[in-house]
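The primary structure of each chain is shown beneath.
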Amino acid sequence: MWWAALLLLSSVGVASCPGRCLCFPSSNLVNCQSRELTRVPQRVPHGAWLVDLSRNRLTEVQGHAFTGLWSLRILLLSNNSIHVLEPQSLSSLQFLETLDLSFNRLERLPPDFSQSLGSLLELRLQHNLLVHLAPPTMDRLENLRKLDLGHNLIRTLEAGLLNRLGHLRYLNLEGNRLSVLEDGLLARQQRLEVLRLGHNNISLMESEALAPLPALNLLGLRGNRLEHVHFRVFLGLRSTSSTYLQLSFNPWTCDCELHRVFGKIRHVRYLRVEDYEEIICGGPATLAGASLSSLDGRLCLAETSAVLVITLTVVLAVICALVKAKRSSASKRSVPDPLGN
Ligand SMILES: *[C@@H]1O[C@H](CO)[C@@H](O)[C@H](O)[C@H]1NC(C)=O
Ligand SMILES: *[C@@H]1O[C@H](CO)[C@@H](O)[C@H](O)[C@H]1NC(C)=O
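A few points on the structure. (Residues numbered from 1 in each chain as written. Chains lettered and ligands numbered in written order. Predicted model: local features only at pLDDT ≥ 70, side-chain atom pairs only at ≥ 80, totals over all residues.)

1. Digging into the overall build of the chain
Now for step 1: Counting its secondary structure elements, the chain contains 4 helices and 20 strands.
Now for step 2: Counting all 341 residues of the chain, 31% fall into the buried class.
Now for step 3: Restricting to contacts in the chain with at least 6 residues of sequence separation, those with at least 24 account for 57%. (Helix = DSSP H or I, 4+ residues; strand = E, 2+ residues; numbered from the N terminus. Buried ≥ 20, exposed ≤ 12 C-beta atoms within 10 Å, placed from the backbone. Contact = placed C-beta atoms within 7 Å.)

2. Quick look at the nonpolar core
Now for step 1: If you look at the biggest cluster of nonpolar residues, it comprises 72 residues, and the most contacted ones within it are Leu72, Leu75 and Leu93.
Now for step 2: Residue assignment for this core shows that the elements contributing at least two residues are β5 (74–76) and α2 (256–267).
Now for step 3: With residues up to four places along the chain from it excluded, the contact list for leucine 72 reads Ala48, Trp49, Val51, Phe66, Leu93, Phe95 and Leu96. (Core = buried A, V, L, I, M, F, W, Y, C linked by C-beta atoms within 7 Å.)

3. Considerations on the sheet that holds β5
Now for step 1: Taken together, the 12 strands give an open sheet; going across it, the order is β1-β2-β3-β5-β7-β8-β10-β12-β14-β16-β17-β19, and neighbouring strands pair in mixed fashion. Strands with a single pairing partner mark the edges of an open sheet, and in this sheet they are β1 (22–24) and β19 (271–273). Strand-to-strand twist of the sheet, defined as the mean angle between neighbouring strand axes without regard to direction, takes the value 5°.
Now for step 2: When β5 meets strand β7 (residues 98–100), the two strands line up parallel, connected through 3 bridges. Within β7, the position partnered with isoleucine 74 by the bridge is threonine 98. (Pairing = 2+ DSSP bridges. Axes fitted to C-alpha atoms, helices over the stretch in contact; angles between N-to-C directions.)

4. Concerning the environment of serine 241
Now for step 1: For serine 241, the position within the fold is in the loop between β16 (218–220) and β17 (243–246).
Now for step 2: Residue serine 241 is classed as exposed on the basis of its C-beta count, with 10 C-beta atoms lying within 10 Å.
Now for step 3: Between the alpha carbons of serine 241 and asparagine 217 there is a distance of 7.2 Å; along the sequence they are 24 residues apart.

5. What about the site of ligand 1?
Now for step 1: All residues in the neighbourhood of ligand 1 are listed as Ser54, Arg55, Ser78, Asn79 and Phe103.
Now for step 2: Residue composition of the shell around ligand 1, grouped by class: 1 nonpolar, 3 polar and 1 charged. (Near = placed C-beta within 6 Å. Nonpolar A, V, L, I, M, F, W, Y, C, P; charged D, E, K, R; others polar.)

6. Some words on the site of ligand 2
Now for step 1: Contacts to ligand 2 come from Arg177, Ser179, Asn201 and Ser203.
Now for step 2: Tallied by class, the residues present in the shell around ligand 2 amount to no nonpolar, 3 polar and 1 charged.

7. Digging into unusual backbone geometry
The phi torsion of most residues other than glycine is negative, and most of the peptide bonds are trans.
Now for step 1: In this structure, the amide linkage connecting proline 135 to the following residue, proline 136, adopts the cis form with an omega of 10°.
Now for step 2: Turning to its location among the elements, proline 136 is positioned in the loop between β9 (132–133) and β10 (146–148).
Now for step 3: Here the residue pair glycine 283 and proline 284 is connected by a cis peptide bond, since its omega of -5° sits within 30 degrees of zero.
Now for step 4: The topology assignment puts proline 284 in the loop between β20 (281–283) and α3 (292–295).
Now for step 5: Even without a glycine there, the phi angle at phenylalanine 103 is positive, about 55°.
Now for step 6: Positionally, phenylalanine 103 belongs in the loop between β7 and β8 (122–124).
Now for step 7: Phi is positive for histidine 151, which is not a glycine, with a value near 55°.
Now for step 8: Within the fold, histidine 151 resides in the loop between β10 and β11 (156–157).

8. As for the environment of valine 30
Now for step 1: Looking at where valine 30 falls in the secondary structure, it is placed in strand β2 (residues 29–31).
Now for step 2: For the pair valine 30 and aspartate 52, spaced 22 residues apart in sequence, the C-alpha separation works out to 6.3 Å.
Now for step 3: With residues near it in sequence (within four places) discarded, valine 30 still touches Cys21, Cys23, Val44, Pro45, Ala48, Leu50, Val51 and Asp52.

9. Quick look at the pairing of β17
Now for step 1: Here β17 shows a buried face lined by Thr243 and Leu245 and an unburied face lined by Tyr244 and Gln246.
Now for step 2: Looking at chain direction, β16 and β17 are connected through 3 bridges and run parallel. Bridging from a neighbouring strand, glycine 220 pairs with glutamine 246 of β17.
Now for step 3: Where β17 meets β19, 3 bridges bridge the pair, whose relative direction is parallel. Within the sheet, the bridge partner assigned to threonine 243 lies in β19 and is leucine 271.

Any functional reading would require information that these geometric values do not contain.
The following block contains the structure:
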């Protein structure tokens, strides 16, 4: 009798569990990790709350692959070889909160990518082959808190891409190919706390690129190609707690202007350069390899002395002119009047 009941129970479990996966009906977990799967399995139980398909051999996610999984909150697809997300492949995931697509081979995201993902809180896309992202790819991710796009091949993020993501707290773009941080890309990021832009190819930050980021705590810009930066770029950072800046491993041109910019940054109460001691000059040639903090005051010395020399020259010239004028007027006065009056 008990044996029959057990058989019945387990067969219910088996019937609604895809082959090669382990299903835990009591907790609604479906574990298909490392099963050499080449397709998203069918027959995933509809009550599943977490489906783990990581470390398989998926190359694409077919349309409607997750149809009917209304309870799904966490979907793990990392460490596959996914290079195609077919249209509608993520439809009916209205309540999904975490989507992990990291360590795959995605070169692009379909335009309808976010269509059903309005509840998503965390999206992991790091370690793919993404090159370019444009709206409306992310338009529906209105609740997203955490977006990881690190270690892709991203060269451009089109203006407006992130405009609907007003709840974003964490944005990782480390290890990409960005060369310009453009005005407007982050214009709606009122809640962004962490912005990681390290190890890109950034040589230019447009003057409004960081404006306004009133909640930012960390701005990572290590390992880029910055030689100069204008102080006004940082004026959009007005966090009530401090904003920590990471600026080392850039080929900074150490001149008086740079000295002044860093001087101003370090005077602003809410800005902190976390790695100031590690900032090394990339140029000019005579200063390459020296640390900015060791040069500090000296950078403006040449300029100060040039100003002094110029001032002295001007003063001398004026004195000379005055003396000359005086002499000539004196000699004029001593010339006898030719008319004899
Ligand atoms: C995916 O692969 C990376 C690199 O090999 C590894 O660091 C990571 O832990 C893996 N993740 C999972 C869920 O297997
Ligand atoms: C880095 O940016 C410069 C232009 O600022 C460009 O010429 C160069 O090709 C870029 N390098 C890479 C690896 O993308």
